[in-house]
Every structure is written in structure tokens, then in C-alpha cells.
Amino acid sequence: MILSEFLDYSTLRLIWWVLLGVLLIGFAAMDGFDLGIETMLPFVARTDLERRLVLETIEPVWEGNQVWLILAGGAVFAAWPQLYAVSFSGFYLAMFIILFALILRPVGFKYRNKRESTLWRNNWDWALFIGGFVPSLIFGVAVGNVLLGVPFRINDDMMIFYEGSFFALLNPFALLAGLMSVIMLAMHGCVWLNVKTTGIVAERAKKYGTLLALLTVVFYVAAGLYLWKSGLGYRITSEIDPNGPSNPLFKTAVVEQGAWLANYLRYPALWAVPALGLLSPFAVILFLWARRPLVALLFGKLSIFGVITSVGVAMFPFILPSSLNPSASLTVWDSSSSHLTLFIMLISTGIMLPIIMLYTSWVYYVLRGKVTESDLEEGHY
């Protein structure tokens, strides 16, 4: 008996569905406050010194935080190749825009302080704003489109054809999801600033964080009501073997009103997940004003966990529905890599992920404490 037989195919598929969610949540929770701070840079910092202060709260850690995005992309490529094929080809232009915006970050951090010119620094500050706002928006737009269904089909030779366009991605619901993503991550960034700064910057961050937390709730409820009223959802209508081959065409599926609520109705305990996403922003507000920013930061991460997990729970077992041919939709049970590939990747992840988490924890421990304007003036940063 080979080692991979200790875990059957369906269990490995389920584990990798969970791990994909962990990596996406890890990226949103870790790199999310970097993106949020860059988005809020023109608002929470008014002077050059204040902007230097704000940027120094994330400059030592943003590269490490972005590792989560690389891990998630690698997991999609290796564990869910069909998902990778559809998303990275169909969303090609959107992905290119995200990469362009993310490239502005290292360049902005590197070159902003190279000249004393106010115009020079302001231009790089706006470049950093774009580097935070644009990825936050497009990631949310992508999630919105996944919930609606993506226009792709698969022929009998397993060739995938995407028949959408970039501008079709910018539909009302997807833009609503995109704006919610921006607001939620900006809230998270404001909480981080409250952890790492003092004085007027921290006060501004607290006020903006309060407003953004309330808006997170409003947009989350609005998105939920839209899905409920529109009756969007997909349902499998045939038998599907969790241990079967990775061929989405072996099943049938349909668009069905209310299908995205089916898992919640079948297992009422799952309502705790969206409740976490809905209530955590109120806890963020409470602990921000109670001057407990670390606790507020924890609830900010719990809000991100609740929001992203609620989408995954609603869609399960779907990963990427097809609006052109629902039966070609990708699910947990029919779009993964082979049994052996998933097992080898699981062993590798089981070794490397704890190392990454321990190293990340150590870095944050070393960099604990607040960044102050006097530190900048004395050249400590």
C-alpha cells in the first residue's frame, strides 16, 4: 500500500478546497491591511511626515504578506488546474491590471524618498494608492463574478473556451462586491494603523475605521440581499462521484433560484459564518473606541474570515460555475489534480506552511511596537 492510499481521493479534494480557502483568507487578512493602508494613505495622512509614518508601518512586512498571494496562485495551478485555466485566461486583462498595480508598490516604496520634491513624493503616494485600491477592487469584482457564474464552456476534448470580456466583468453586482472588498480591507488597514501609530494619525485612522466598519456591514447586507432577491445559484442535478475522474462534463447542473442558500438551509449551524462577517465589524468599532486596537485587529480578521468563508460555504461544492453551460461548472469533485499530486502537495504544504507561519509570527514579534514621528526624525526608519 502506498502512502497516498491512507487518504482517499474525495478527502484529499475536500482538504485542498479548505486549504485554498485558508490561503485566500490568509492573503486577505495579512496583505489586506497593506492594501487598505495604501488605499487610505491620502486620507489618514496629510503631511509628508505623516505619510512616511503611515508607510513605515507596513514597509518592513508587505513583501512577506504578499507571499500568501503567491501561495494561493500556486495552489490553484497545482491542485485545481482547470480553475487556473479558466480564471487566468478568462480574467487575463483583470489579472494584468492587478499585477501592474501591485508592481507599483515596491517601486513606490523604493523611490518615494529619493527626492525632496513635493510633486515627486505626491505622485508616488498616488501610485501607492493605486497599488492598494485597484487590487482590492478587482479581487472583489472577481468574487462577485464567480457568484454570478463565469461565461465559459468546455468541449468534448476538454478544451476550455471563455466567451466573456473585461467590461462584462464590471456588472452592478460585481462592482458592489468590489467596493465592499475595498471598504473591508480599508477598515482593516485603519485598525492596523491604530495598532502601530499614535497621535493624530491614529485618531484619524480610528474615525475612518469606524465609518468603514459600518459601511462593511451595509455593503455585506446589500450583497446578501441582492443574491437572495435575484435568486441566483447553481445546483447539481445528477449523481456525482467524489472519487471520480476530473471531468466536469460527467455531471449535469442547472441554475436554480435560491441554490446559494441551500447549504445554509440544510445545515442551520452554518449561519454562524455570515453572522461572524456581519457582527465582527461592530466589535471592531467597540474595541477601537475602547483603545484595544489589537483586539479590534483580531475582529477585523474575523470579519474577513466570515465574509470569504460565507461565499465558499454558499457555493460548495461549486468552485467556478459556468453561466453558459451550468453542467460544465467546476466543482470540488471533478476539477482537481490527480490523487497522487494532491497527496504530494499536501505533504509539502504540511511541512512548509507551518514554517512560513512561524517565521511570519517571529517577524511580527521582532517588529512589535509603535512607529512614531520622532523615530522618523531621528532616522530610526
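All residue numbers refer to position in the chain's written sequence, counted from 1. This being a predicted model, a pLDDT of at least 70 is required before a residue's local features are given, and a value of 80 or more before pairs of side-chain atoms are given or counted; all residues contribute to the totals for chains, interfaces and linings. Processing note: side-chain calculations cover all non-hydrogen atoms of the structure and skip hydrogens and water entirely.

Enquirer: Teacher, can you tell me more about the packing of aromatic side chains here?
Expert: Aromatic rings considered in pairs are described by the distance between their centres and by the relative angle of their planes. In summary, the pairing rule links any two rings of Phe, Tyr or Trp, Trp by its six-membered ring, whose centres are within 6.5 Å, and it sorts them by plane angle into stacked for under 30 degrees, edge-to-face for over 60 and tilted for everything else. Counting across every chain of the model gives 22 aromatic pairs. Ring geometry for Phe-27 versus Phe-139: centroids 5.4 Å apart, planes at 75 degrees, classification edge-to-face. Of this pair, Phe-27 sits in helix α1 (residues 9–44) while Phe-139 is found in helix α6 (residues 118–148), placing the two residues 112 residues apart along the sequence. Summary of the burial criterion: residues with accessible area below 20% of their type's maximum are buried, those above 50% are exposed, and those between are partly exposed, where the area comes from a 1.4 Å probe applied to protein chains only. According to the relative accessible area criterion, Phe-27 is buried, its value standing at 8%. What makes Phe-139 partly exposed here is its relative accessible area of 23%. Clustering of aromatic rings is evident, with ring pairs tying together Trp-17, Phe-316 and Trp-333. The way it works is that DSSP assigns letters per residue, a run of H or I at least four long becomes a helix, a run of E at least two long becomes a strand, and they are numbered from the N terminus.

Enquirer: Sorry, what's going on with the environment of Gly-258 here?
Expert: Considering the arrangement of structural elements, one finds Gly-258 in the loop between β4 (253–255) and α9 (262–266). Whether two residues are in contact is decided by their heavy atoms: any pair within 4.5 Å suffices. Setting aside residues up to four positions removed in sequence, Gly-258 forms contacts with Gly-231 and Leu-232.

Enquirer: It is not clear to me how the pattern of salt bridges should be interpreted in this structure. Could you clarify?
Expert: For side chains of opposite charge, pairing can occur when their charged atoms come near one another. Definition used for salt bridges: Asp or Glu carboxyl oxygen within 4 Å of a side-chain nitrogen of Lys or Arg. Tallying each qualifying case throughout the model produces 13 salt bridges. Residue Lys-251 is joined to Asp-334 by a salt bridge in which the shortest nitrogen-to-oxygen separation is 3.1 Å. Of the two residues, Lys-251 sits in the loop between β3 (234–236) and β4 while Asp-334 sits in the loop between β6 (330–331) and α12 (339–366), which places them 83 residues apart along the sequence. The exposure class assigned to Lys-251 is buried, which follows from its relative accessible area of 3%. When salt bridges with common partners are traced through the structure, they connect Asp-48, Arg-51, Arg-112, Glu-116, Arg-121 and Asp-125 into a single cluster.

Read these as layout, nothing more, since geometry by itself doesn't imply function.
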